[in-house]
Amino acid sequence: MIDHGWKLMMVYPLTVWAVLAVCQNEVASQPGLNVAQAVDEGARNRNVVAEQMLVDPVLGAKVLEVALENGPPAVVVETIQILERSQNPTLLRDVNGRPSPLVRAMHYPDQRVQFFAANAVLKIGPNEKFPHTVRVVTTLARAIDLETAPLVIIVDGNITRANETGALLNQLGYAYRVVRSGRDAFKGAAESSAIDFIVTEPVIHNTELRQTITELRADARTSGTPIFVFSDSVWVSRPSDQARLSSRLDRLEKRFTGVYAIRRPINVDDWRGAFERSFPARNKAPLTPAEKATYQRLSLEWLLRIAKGEALPGARQLSPEAVDALQRMLQDLDLGPLAAEVLGHVPSAKNQQALTEILLSASTPGPTRLAACDALAQNVRQGGWAIERDATRELLKLQRTTVDSELHTSLSRLVGIFVVTGRP
């Protein structure tokens, strides 16, 4: 069944309906059916299989799992959108300690797949015990800060060799961080959910590789992070030792989801080939301006709902990556006001400082300036006054001198908070 699905998905720019037909044995049960007929059969059963997928979360999850393993990108995105419509919380549950295919899609190294997966998770609506809230928030943050390079962790005790690996990944648009041990790899990936994948030597310092992978897969923050393991090592020279290493890596690939043993790439093309084999659903085409604008606006709207406690229970305190992305977005001509509104609901001295700087800058567009003022007042009401004395004086001066009536009214409300809190 899977072999048929692989041929269908790799040869044709398929609709998801053909993939569904395969998963239901409609093709596998008819050995004489050729690929073109299979596509037609999937299309004819479009409505039937769509309805079955909507009511059968097991089938839907299996389709997404097969699509992630085989591609193409359009099938993955379309499958996620159908799962989103099902509104079935079963699709979000870990199974036997493994994250669901929909959760794993948020770790897939493709911006489109990650965004649509996070959007689907939010629309389905996880409960307070959902263990992957940080990944959802980070995915949204990355969708609004699209120019930031994705990050890779390289595990290698040889810094020179690690930097050579990193230099190749740099050419493909990745930033990287080198760590020496599996313990440091786990700590780095767990503390920064912005990691796209991990690259590791098969023999690593102070840690057994299997133990490191087990720890990464056991923690919700890293359970879906892809891991590349080089299949060769300077510590392995004899053919018998290489055979044992290959056997060990083969067992790890079979036991753990998202582990890929690859020959050490020596150039950029080797890395491209590794990505294509490991992530066939990865879309090579860059995001269009329209896609970027859509992802940014929808992500900001979701982050606002999360910050206000209206979505994703338990994640109201946004991650540092999300806050940094929001502060950078304050400079955006169109989306600056919305970014300011989100920050207004995330009380902190750092956010008050960022909003104050935007408000006091005469070059800030009027709508963003006004939104920053309202957001600053909201932030102070929730978290208390944390603006420095000199900045406070500048705000009071702006309130007295501005000729913008709307801004004067908003600043007057802010001054009212000064009076209530007893600040100068």
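Notes on the structure in this doc start here. (Residues numbered from 1 in each chain as written. Predicted model: local features only at pLDDT ≥ 70, side-chain atom pairs only at ≥ 80, totals over all residues. Heavy atoms only, no water.)

In an α-helix there are 3.6 residues to a turn, and that puts residues three or four apart on one side. The first and last C-alpha atoms of helix H10 (residues 159-171) sit 18 Å apart over 13 residues, in line with the 18 Å expected at 1.5 Å per residue. Taken together, the buried positions of H10 are occupied by Arg161, Ala162, Thr165, Gly166, Leu168 and Leu169. Down the axis, H10 shows its buried residues gathered within 155° of arc, on one side only. For H10, the exposed residues lying more than 90 degrees away from the buried face are Thr160 and Gln171. On its buried face, H10 sits against strand S1 (151-155), strand S2 (175-179), strand S3 (195-200), strand S4 (227-230) and helix H14 (268-278). A side-chain oxygen of the first residue of H10 lies 3.1 Å from the backbone nitrogen of Thr160; this N-cap is Asn158. With its phi angle positive at about 95°, Gly173 sits one or two positions after the end of H10. (Helix = DSSP H or I, 4+ residues; strand = E, 2+ residues; numbered from the N terminus. Expected span 1.5 Å × (residues − 1). Buried < 20%, exposed > 50% of the residue type's maximum accessible area, 1.4 Å probe, protein only. Arc of directions from axis to C-beta. Contact = heavy atoms within 4.5 Å. Polar contact = N/O pair within 3.5 Å; in protein donor to acceptor, adjacent residues only side chain to side chain.)

Turning next to the packing of helix H17 (residues 336-344) against helix H19 (residues 366-383). Closest axis-to-axis distance for the H17/H19 pair is 7 Å, and the angle between their directions is 5°. When the axes of H17 and H19 are compared, the pair comes out roughly parallel. The residues of H19 that touch H17, namely those facing Gly336, Pro337, Ala340, Glu341, Leu343 and Gly344, are Pro367, Thr368, Ala371, Ala372, Ala375, Gln378, Asn379 and Gln382. Considered class by class, the residues forming the contact of H17 with H19 number seven nonpolar, six polar and one charged. (Axes fitted to C-alpha atoms, helices over the stretch in contact; angles between N-to-C directions. Parallel < 35°, antiparallel > 145°, perpendicular 65-115°, else oblique. Nonpolar A, V, L, I, M, F, W, Y, C, P; charged D, E, K, R; others polar.)

By the criterion of burial, H17 is predominantly enclosed, with seven of the nine residues buried. Taken as a whole, H17 has its buried residues at Gly336, Leu338, Ala339, Ala340, Val342, Leu343 and Gly344. Buried positions along H17 lie against helix H15 (289-307), helix H16 (320-329), helix H18 (349-360) and H19.

Tallying each qualifying case throughout the model produces 19 salt bridges. Its salt-bridge partner being Glu65, residue Arg104 comes within 3.2 Å of it at the nearest N-O pair. Residue Arg104 is found in helix H7 (residues 101-105), and its partner Glu65 is found in helix H5 (residues 57-70); the two are separated by 39 residues along the sequence. You'll find Arg104 and Glu65 in the same group, each marked buried. With a shortest N-O distance of 4.0 Å, Glu310 and Arg305 are connected by a salt bridge. Through salt bridges that share partners, Asp156, Arg161, Glu201, Asp232 and Arg264 make up one connected network. (Salt bridge = Lys/Arg side-chain N within 4 Å of Asp/Glu carboxyl O.)

To continue, consider the packing of aromatic side chains. For any two aromatic rings, the description comes down to two numbers: the centre-to-centre distance and the angle of the planes. Counted under the stated rule, the structure contains 16 aromatic pairs. When the ring of Tyr174 is compared with that of Phe197, the centres are 5.1 Å apart and the planes differ by 70°; the resulting orientation is edge-to-face. In this pair, Tyr174 is assigned in the loop between H10 and S2 and Phe197 in strand S3, connecting sequence segments 23 residues apart. Like Phe197, Tyr174 is buried. Arranged with centres 5.4 Å apart and planes meeting at 90°, the rings of Phe197 and Phe228 form a pair that is edge-to-face. You can see Phe197 sitting in strand S3 and its partner Phe228 sitting in strand S4, a full 31 residues away along the chain. Put simply, the rings of Tyr108, Tyr174, Phe197, Phe228, Phe230, Tyr260, Trp271, Phe275 and Phe279 pair up and form one aromatic cluster. Lying over the aromatic face of Phe275, Arg282 brings its terminal NZ or CZ to 4.8 Å of the ring centre. (Phe/Tyr/Trp six-rings, centres within 6.5 Å; stacked < 30°, edge-to-face > 60°. Lys NZ or Arg CZ within 6 Å of the ring centre and 35° of its normal.)

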